[in-house]
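Now for the letters of each chain:
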Amino acid sequence: ECGAEIQLRIAYHTYGTYTGDNVLWVCHALTANSEVADWWPHTVEKGKFLDPERGFTVCANIIGSCYGTTGPTSINPATGEPYYDSCPLVTVRDMARAPLLLADHLGIRQAQAIIGSSIGGFQALEMALERPGFARKLILIATAAKAQPWAIAADEAQRMALEADGTYGQHTPEAGHKGIEAARAIGLLTYRGSAAYNATQEHDNPDKTYGFRACSYQRHQGLKLSRRFDLYSYLRITEAFDSHNVGRGRGGVEQALQSIQAQTLVVGITSDIILPVTEQVILWKNIPDSRMELIVSEFGHDGFLVEHAKLDALLRPFIEC
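Residues numbered from 1 in each chain as written. Predicted model: local features only at pLDDT ≥ 70, side-chain atom pairs only at ≥ 80, totals over all residues. Heavy atoms only, no water.

**Student:** Explain the sheet that holds strand S1 (residues 12–15) here, please?
**Tutor:** Read from one edge of the open sheet, seven strands run S1-S3-S2-S6-S7-S8-S9, paired in mixed fashion. Either end of the sheet is taken by a strand with one partner, and the two such strands are S1 and strand S9 (290–295). Averaged over all pairs of adjacent strands, the angle between their axes in this sheet comes to 15 degrees, without regard to strand direction. Relative to strand S3 (residues 56–60), S1 is paired through four bridges, and the arrangement is antiparallel. Looking at the pairing, Thr14 lines up with Val58 of S3. Along the sheet, helix H3 (residues 119–130) makes contact with strand S2 (23–27), strand S6 (111–117) and strand S7 (135–141), crossing S6 at roughly 145 degrees. (Pairing = 2+ DSSP bridges. Helix = DSSP H or I, 4+ residues; strand = E, 2+ residues; numbered from the N terminus. Axes fitted to C-alpha atoms, helices over the stretch in contact; angles between N-to-C directions. Contact = heavy atoms within 4.5 Å.)

So this is what it looks like as structure tokens:
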């Protein structure tokens, strides 16, 4: 959408056997990858909603990531070096158009369902709007029709942490590791919320005065991400998150949502503070053939990763009916 051109490479994984009418297209969240079984526990299993013996699950890594699809760590043909911070700006709409090209390449004309959580839900919405009729069913989990100022502010705080790293701007794979650690720690607060932290990070010793479990958890999670993710990919993907607005160029959010043809299941998580239930209500009220369900959970936005049994109980019947 920014007018730049790239040589597009798409990394993707499939599970199961394609029979022509059993495609379950999964759109992954922020720092995940195309290996659904790797990041979404107990979903790509026999008897679950992504059962590889029944469905043909496809997941494509998003543009801007560092897991195989074109992004900041890819080689810029004009220079012969990685893009790094010169990688073009991408939007969620760009991210949605890429897997539709992949579907064409694979000869997939229609999906039984598109499934997306968080920014993956953003992509799922855009795929349904960009190609009406491609998905018979649409499953939108902990997501929204547009990025709201609260979520954008949280992303900006994370980008400020990236920029505060003294190695920010360097064109090396090692740049920004401390910035990523801090950014992840900030992001986790919005992904989990107070109920999840209070339930899982309490001290064993109530008399302890330093060395708190919550502190070590923040540092551990930050370090984990810094070891597997790229600074400039984190930057571009959070910027893409902020770009999300299904109403842009379509007459507004309500008009865009009312044009969706797929039978839709909207799922909210009661304790989500970054994409709260009020956002899912907007989807449900405006998508014509839709219904909404709530998952009661203490795990906030990350409930879609943790509450796999509750999610399966909702998604499997919807997919199979």
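**Student:** Before we go on, may I ask you to explain the layout of surface pockets in this structure?
**Tutor:** If a probe the size of a water molecule is rolled over the atoms, the empty space left behind becomes visible. As a volume, the largest pocket reaches approximately 680 Å³. Considering the residues around the largest pocket, the lining is formed by 30 residues, among which Thr31, Arg184, Arg228, Asp302 and Leu305 are closest to the centre. Those elements that provide at least two residues to the lining of the largest pocket are helix H1 (36–39), helix H4 (149–164), helix H5 (177–200), helix H6 (213–228) and helix H10 (303–306). By residue class, the composition of the lining of the largest pocket is 16 nonpolar, seven polar and seven charged. Quantified by volume, the second largest pocket comes out at close to 250 Å³. (1 Å grid on protein atoms, 1.4 Å probe; cavity = no way out; pocket = protein on both sides within 12 Å on 5 of 7 lines; lining within 4 Å. Points joined across faces, edges and corners; volume = space filled by probe spheres on them. Nonpolar A, V, L, I, M, F, W, Y, C, P; charged D, E, K, R; others polar.)

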